[in-house]
Amino acid sequence: METGYRYVGRGIYSIPEVARLSGVQSRSISRWVRGYRSSSHGVCIEGKPVFRSDFEEDGCRNLSFLDLIEIRFVDAFRGYGVSWKTIRAAMEKACVLLSETHPFSSKKFLTDGRSILYQVEQECRDTRLMNLVNDQYELRKLLDRYLHEGLEFTPDDIASRWWPLGMEHDIVIDPVRSFGKPIVASASIPTGVIFDSFKAESRSAPTVAHWLGITAEQVEEAVDFEKSLAG
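> Help me understand the pattern of salt bridges in this model?
Any two side chains of opposite charge can pair if their charged atoms end up close together. By the definition in use, this model includes 11 salt bridges. Where E226 meets R20, a salt bridge forms, and the shortest distance between an N and an O atom there is 2.0 Å. A residue pair is termed long-range when its members are at least 10 positions apart, and E226 in helix α10 (residues 216-230) and R20 in helix α1 (residues 15-22) qualify at 206 residues. Judged by relative accessible area, which is 5%, E226 ranks as buried. For E152, the salt bridge identified is with R161, shortest N-O distance 2.9 Å. The structure contains a network of salt bridges with shared partners spanning E152, R161 and D174.

Written as structure tokens, this is what we have:
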């Protein structure tokens, strides 16, 4: 695939951009997708990547939309205290059983995830995962928030769009539009462009709305969204 064309329709994000959208630190993301090496008291410690990025061939300088969704899910696992060993085992088993390269961004994991995680728990004996699997309320909350809420899926059950504020709002992250940058869906204008214009136009939503041909409400929602990412 020619350079540049491999990014078309898949979204393209730098690690800092993924950090901004996901709320996960850039350093953590870099370690998850590139692995790491360090030394302690003369002993070399190597950590393998948690999963394979879509753009691994370019050294993971850029990440895809599915990488972004996967990172959110991995971060959720870490938030529950699940070990890296267990997360890697869950990823490997889910890839095989679901025949997906990004199983945590697949709708199939909503229905098959519990059985997959149960199998992994039996192998790894990870107490945190055991508690999560056995607590159906907590597991459903995890799956709903990271693999259902605000996500649209293709007919093949792969995440295709993410509405970060919920589908009742007009902000969408769509890998086939604006290279996956957040946009006001009905106007196809990146929220970053609206925010920059807002700051340049003395923070006047009506002025920016008139200039861009959208409503003041759309300007305000885009501005609020961008501010939430900065915070």
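> What is the right way to read the nonpolar core from this model?
Generally speaking, nonpolar side chains in soluble globular proteins are found buried as a group. Counting residues in each nonpolar core, the largest one holds 64 residues, and the members touching the most others are I71, F73, F77, F104, F109 and V219. It is helix α3 (residues 65-79) that provides the largest number of residues to this core, a total of nine residues. Setting aside residues up to four positions removed in sequence, I71 forms contacts with V18, S22, V24, I29, W32, V33, F51 and L63.

> Would you mind going over the layout of surface pockets with me for this structure?
With a probe scaled to a water molecule rolled over the atoms, the places where space remains empty come into view. If you add up the space inside the largest pocket, you get close to 360 Å³. As for the largest pocket, its lining consists of 19 residues, of which L21, R72, R145, W162 and P164 are closest to the centre. Where the lining of the largest pocket is concerned, the elements lending two or more residues are α1, α3, α7 (136-147) and α10. Of the residues in the lining of the largest pocket, the class split is nine nonpolar, five polar and five charged. Estimates place the volume of the second largest pocket at around 160 Å³. Residue lining of the second largest pocket: R27, S28, R31, W32, Y36, K48, V50, W84 and R88, and that is the complete set.

> Looking at this structure, how should I read the sheet that holds strand β7 (residues 171-172)?
The strands that make up a sheet pair up through hydrogen bonds in the backbone, lying either parallel or antiparallel. Judged by pairing direction, the sheet is antiparallel, and its three strands sit side by side in the order β7-β8-β9 without closing on themselves. Strands with a single pairing partner mark the edges of an open sheet, and in this sheet they are β7 and β9 (189-190). Both strand β8 (residues 183-184) and β9 contribute to a ladder of two bridges, which runs antiparallel. Bridge pairing in β9 links V184 to I189.

> What is the right way to look at the packing of aromatic side chains in this model?
A ring pair, where both rings are aromatic, is described by two values, the distance of the centres and the angle of the planes. In this structure the tally under the stated criterion is six aromatic pairs. Geometrically, the ring pair formed by F73 and F77 is edge-to-face, given 5.1 Å between the ring centres and 85° between the ring planes. Taken together, the residues F73 and F77, both in helix α3 and four residues apart, mark about one turn of the helix. Judged by its relative accessible area of 0%, F73 is buried. Pairing F77 with F104 gives two aromatic rings, centres 5.6 Å apart and planes at 55°, and the pair type is tilted. Residue F77 is found in helix α3, and its partner F104 is found in the loop between α4 (84-98) and α5 (108-124); the two are separated by 27 residues along the sequence. Exposure class is identical for F77 and F104. Each is buried. Counting every residue linked through ring pairs, the aromatic cluster contains F73, F77, F104 and F109. One cation-aromatic arrangement involves K181 over Y13; the distance from NZ or CZ to the ring centre is 5.5 Å.

Rules used in this analysis
- Residues numbered from 1 in each chain as written.
- Predicted model: local features only at pLDDT ≥ 70, side-chain atom pairs only at ≥ 80, totals over all residues.
- Heavy atoms only, no water.
- Salt bridge = Lys/Arg side-chain N within 4 Å of Asp/Glu carboxyl O.
- Helix = DSSP H or I, 4+ residues; strand = E, 2+ residues; numbered from the N terminus.
- Buried < 20%, exposed > 50% of the residue type's maximum accessible area, 1.4 Å probe, protein only.
- Core = buried A, V, L, I, M, F, W, Y, C linked by side-chain atoms within 4.5 Å.
- Contact = heavy atoms within 4.5 Å.
- 1 Å grid on protein atoms, 1.4 Å probe; cavity = no way out; pocket = protein on both sides within 12 Å on 5 of 7 lines; lining within 4 Å.
- Points joined across faces, edges and corners; volume = space filled by probe spheres on them.
- Nonpolar A, V, L, I, M, F, W, Y, C, P; charged D, E, K, R; others polar.
- Pairing = 2+ DSSP bridges.
- Phe/Tyr/Trp six-rings, centres within 6.5 Å; stacked < 30°, edge-to-face > 60°.
- Lys NZ or Arg CZ within 6 Å of the ring centre and 35° of its normal.

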